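Here is what each chain is made of, one letter per residue.
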Amino acid sequence: MKCAIILAGGKGTRMKADCPKVMCNVIFKPMISYVIDAVKEAGAEDICVITGYKHEEVEAYVGKDIKTALQQPQLGTGHAVMQATEFIKGHTDDEILILNGDGPLMDAQTINKAYTYHKENNNSITLISAIVDDTEGIGHIQRDENGTLLRIIEHKDANDEEKKINESNAGCYWFNGGDLLYALGKITNNNAQNEYYLTDTLEILINEGKNAGAYVVENSEVILGANDRKQLNDLNTIMRRNINTRLMVEGVDIPCTDGVMIGKDVKIGNSTVILPNTIILGDTVIGSGCVIGPNTYIDSSTIGDNVVLDNCKILDSTVEDGADCGPFVKVRDNSTLKKGVHIGNFVEVKNSTIGEGTKSAHLTYIGDSDVGSGVNYGCGVATCNYDGKEKHRCKIGDGAFIGCNTNLVAPVKIGNEAYIAAGSTITDDVPDKALAVARARQVIKDGWVDVKKPYKEKK
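In this text the structure is predicted, and so the values were computed from the model without any measurement.

## What about the overall build of the protein chain?
In terms of helices and strands, the protein chain carries nine helices and 38 strands. The C-alpha atoms of the protein chain give a radius of gyration of 31 Å, which is well past the 23 Å a tight globule of 459 residues would have. The C-alpha extent of the protein chain, read off along each of the three principal axes, is 105 × 55 × 45 Å. Taken over 459 residues, the protein chain has a buried fraction of 47%. Across the protein chain, contacts joining residues at least 24 apart in sequence account for 40% of those joining residues at least 6 apart. A total of about 22,200 Å² of accessible surface is found on the protein chain, and carbon and sulfur atoms cover 46% of it. Looking at the protein chain, you have 48 positive and 63 negative side-chain charges, and the mean spots of the two groups are 10 Å apart.

## Quick notes on the packing of aromatic side chains
Applying the stated criterion across every chain, the model contains five aromatic pairs. One Lys or Arg, Lys29, reaches over the ring of Tyr34 and ends 5.0 Å from the middle of that ring. Here the basic side chain of Lys313 rests over the ring of Tyr297, its NZ or CZ set 5.3 Å away from the ring centre.

## Topic: the sheet that holds strand E35 (residues 412–414)
If you trace the nine strands from one edge of the open sheet to the other, you get E13-E16-E19-E22-E25-E27-E29-E32-E35, paired in parallel fashion. Sheet topology places strand E13 (267–268) and E35 at the edges, where each strand pairs with a single neighbour. The pairing of strand E32 (residues 394–396) with E35 spans three bridges and is parallel. Bridging across to E35, Cys394 finds its partner in Val412.

## With respect to helix H2 (residues 55–62)
When H2 is considered as a whole, its buried residues turn out to be His55, Val58 and Val62. Summarising the axial view, the buried residues of H2 lie within an arc of 65 degrees, below the 170-degree limit, and thus occupy one face. At its buried positions, H2 is contacted by strand E1 (2–8), helix H1 (31–41), strand E4 (46–51) and strand E5 (67–70). Note on H2: the residue one or two positions beyond its end, Gly63, has a positive phi of about 85 degrees.

## Regarding the nonpolar core
With 100 residues, the main nonpolar core has Ile32, Ile262, Ile396 and Ile414 as its most contacted residues. Of the residues forming this core, the biggest block, seven residues, is contributed by H1. Leave out the neighbours within four places in its chain, and Ile32 touches Ile6, Ala8, Val22, Met23, Val49, Val58, Tyr61, Val62 and Gly101. In this structure, Ile5, Ala80, Ile187 and Leu205 belong to the second largest nonpolar core, which totals 29 residues.

## Side note on helix H5 (residues 108–120)
With 13 residues, H5 extends 18 Å from end C-alpha to end C-alpha; this agrees with the ideal 18 Å at 1.5 Å per step. By the burial criterion, the buried members of H5 are Ala108, Thr110, Ile111, Ala114, Tyr115 and His118. Seen along its axis, H5 keeps its buried residues to an arc of 165 degrees; they face one direction. More than 90 degrees from the buried face of H5, the exposed residues found are Gln109 and Glu120. Each element contacted by the buried residues of H5 is listed here: E1, H1, strand E6 (95–100), strand E7 (125–131), strand E10 (167–176) and strand E11 (212–216). Where H5 terminates, the next one or two residues include Asn122, which has phi positive at roughly 50 degrees.

## With respect to unusual backbone geometry
Peptide bonds are, in most cases, trans, and in most cases residues other than glycine have a negative phi. The peptide bond linking Gly293 to Pro294 adopts the cis configuration, its omega dihedral lying at 5 degrees. Inspection of the secondary structure assignment puts Pro294 in the loop between strand E17 (291–292) and strand E18 (297–299). With an omega dihedral of 0 degrees, the bond running from Ala410 to Pro411 counts as a cis peptide bond. The backbone of Ser271 sits at a positive phi, close to 65 degrees, despite the residue not being glycine. Relative to the helices and strands, Ser271 is located in the loop between E13 and strand E14 (273–274). Under the relative-accessibility criterion, Ser271 is labelled partly exposed at 49%. Its identity as a non-glycine residue notwithstanding, Asn311 has a phi of 55 degrees, on the positive side. Mapped onto the fold, Asn311 is located in the loop between strand E20 (308–309) and strand E21 (312–315). The buried category is assigned to Asn311, whose relative accessible area is 16%.

## What to know about a nonpolar patch on the surface
Together, Phe328, Phe346 and Leu363 give the surface a local cluster of nonpolar side chains, amounting to about 310 Å² of exposed area. With respect to the helices, strands and loops of the structure, Leu363 is situated in strand E28 (residues 359–367). Overall, Leu363 belongs to the partly exposed group, its relative accessible area being 45%.

## Details of the environment of Lys40
Among the structural elements, Lys40 can be located in helix H1. Assessed through its relative accessible area of 49%, Lys40 is described here as partly exposed. The spatial distance from the C-alpha of Lys40 to the C-alpha of Asp179 is 23 Å, given a sequence separation of 139 residues. In this structure, Lys40 is in contact with Ile47 and Ile66, ignoring residues within four places of it in sequence.

Definitions and limits used
Per-chain numbering applies: the sequence of each chain, read as written, is numbered from 1 onward. Only residues with pLDDT of at least 70 get local features here, since the model is predicted, and only at 80 or more are side-chain atom pairs given and counted; chain-wide, interface and lining totals rely on the full set of residues. Hydrogens and water are ignored here; the side-chain numbers use all heavy atoms of the structure. A run of H or I in DSSP counts as a helix once it spans at least four residues, and a run of E counts as a strand once it spans at least two, with each numbered from the N terminus. We take the radius of gyration over the C-alpha atoms and set the globule estimate at 2.2 Å times the residue count to the 0.38 power. Think of it in three bands: with a 1.4 Å probe and only protein chains considered, a residue is buried below 20% of the maximum accessible area for its type, exposed above 50%, and partly exposed in between. What makes two residues a contact is simply this: any of their non-hydrogen atoms within 4.5 Å. Only the protein chains shown count as covering a residue, and every accessible area follows the Shrake-Rupley method with a 1.4 Å probe. We treat Lys and Arg as the positive residues and Asp and Glu as the negative residues; His and chain ends play no part in the count. To locate a charge, take NZ of a lysine, CZ of an arginine, CG of an aspartate or CD of a glutamate. Between 30 and 60 degrees the pair is tilted, below 30 it is stacked and above 60 it is edge-to-face, where a pair is any two Phe, Tyr or Trp rings, Trp via its six-membered ring, whose centres lie within 6.5 Å. Two thresholds decide whether a charge sits over a ring: the Lys NZ or Arg CZ must be within 6 Å of the ring centre and within 35 degrees of the ring normal. At least two DSSP bridges between two strands are needed for those strands to be called paired. The arc in question is traced by the directions running from the helix axis to the C-beta atoms. Throughout this description, the term nonpolar core refers to a set of buried Ala, Val, Leu, Ile, Met, Phe, Trp, Tyr and Cys residues connected via side-chain atoms within 4.5 Å. How far a helix is expected to stretch is found by multiplying one less than its residue total by 1.5 Å. Like charges are joined within 9 Å and nonpolar side chains (Val, Leu, Ile, Met, Phe, Trp, Tyr) within 5 Å, but only among residues with over 30% relative accessible area and no salt bridge; these make up the patches. Put simply, a salt bridge is a Lys or Arg side-chain nitrogen that is within 4 Å of an Asp or Glu carboxyl oxygen.

Given below as structure tokens:
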């Protein structure tokens, strides 16, 4: 059985964040979310997260399905894992993965390759390592002349020669559960930081004659974490590039990646075009043959095939096949635009269903409405859905014509093929195929300007 312990107790002082470091975002998701996804995808059946700074925030985020253990005070990585002693005791016959919660680039493929290496060599401990160019601050992996692992030297404890070693400890390990429990009992804090290092378990197990090894990753980027905002930006850049590259390989057309940020869980069909300055997040699913962008934001929505979204904001809604929206359109929570709907510039839709082929070309607010098919909205129509205490719904029948500058005061029902004259304020239901006119009759007063003289005299 595969299990995992995720270290997520750090404050991240250099990040200068109010939240725990692992809750800082990469592509709009906390770093720890990527780590949890990776270990689950790798097959971990039981997970324990070690919390610390503002532990309530991390505990609330990971949910009740994941175990947690609190580290207070924080006395090093070894001390952090000691807080999961009861978890480890329940898995002494299993293999336990330990990794950092601020390493969002670590993926299931790397984890499982290391696991295979771990099992094939009957190791008590297998660490993941990488060859790096910058050796500042890394955990240096020391080997003998035959390449056999000896120990891990923390950078602060290394001498000048040891600091030149460029094989870096990734902070990610596979342990046999029983051997991990034994090694934790032998760790001391006899080092420059007076901390309990998890890295000391390597030397402890080697001295006990246990098998140890290091799986060297092919791509050193997977081991990267973030200690400050600059490094966090680097992680965003790499994650953004990786996601965009994967989507392009799958057939999504991103002719220019400038400003394109797409979440890891987003699914996009082939031959869809993503234009610059477009952000797509959450569990969004986009079909084939669409044109998305430029300057479009989509979160947790379903977009059908052959949809055009130009300068739009779509939130928690559904846009069906062949619809086109924009520019400057906002579709808010719990809305559905049916097939072939046209929503034009400066139109907002909220908590409404818009029937097939309905058109609202410009400057309209459709809120809390059930709109039929083939409806035509003129310019400047507004749904007056809030009375100061409660929201009310409007229902517009198929084929209705809503004239320009009409106010629909909810709750009101407009019948099928009903016709509302421009400038009307509708407070009562309108029957099928009826004409509704709700405005004052125009009055002309001849010679009024000469009598009242309302204008300034012209020089």
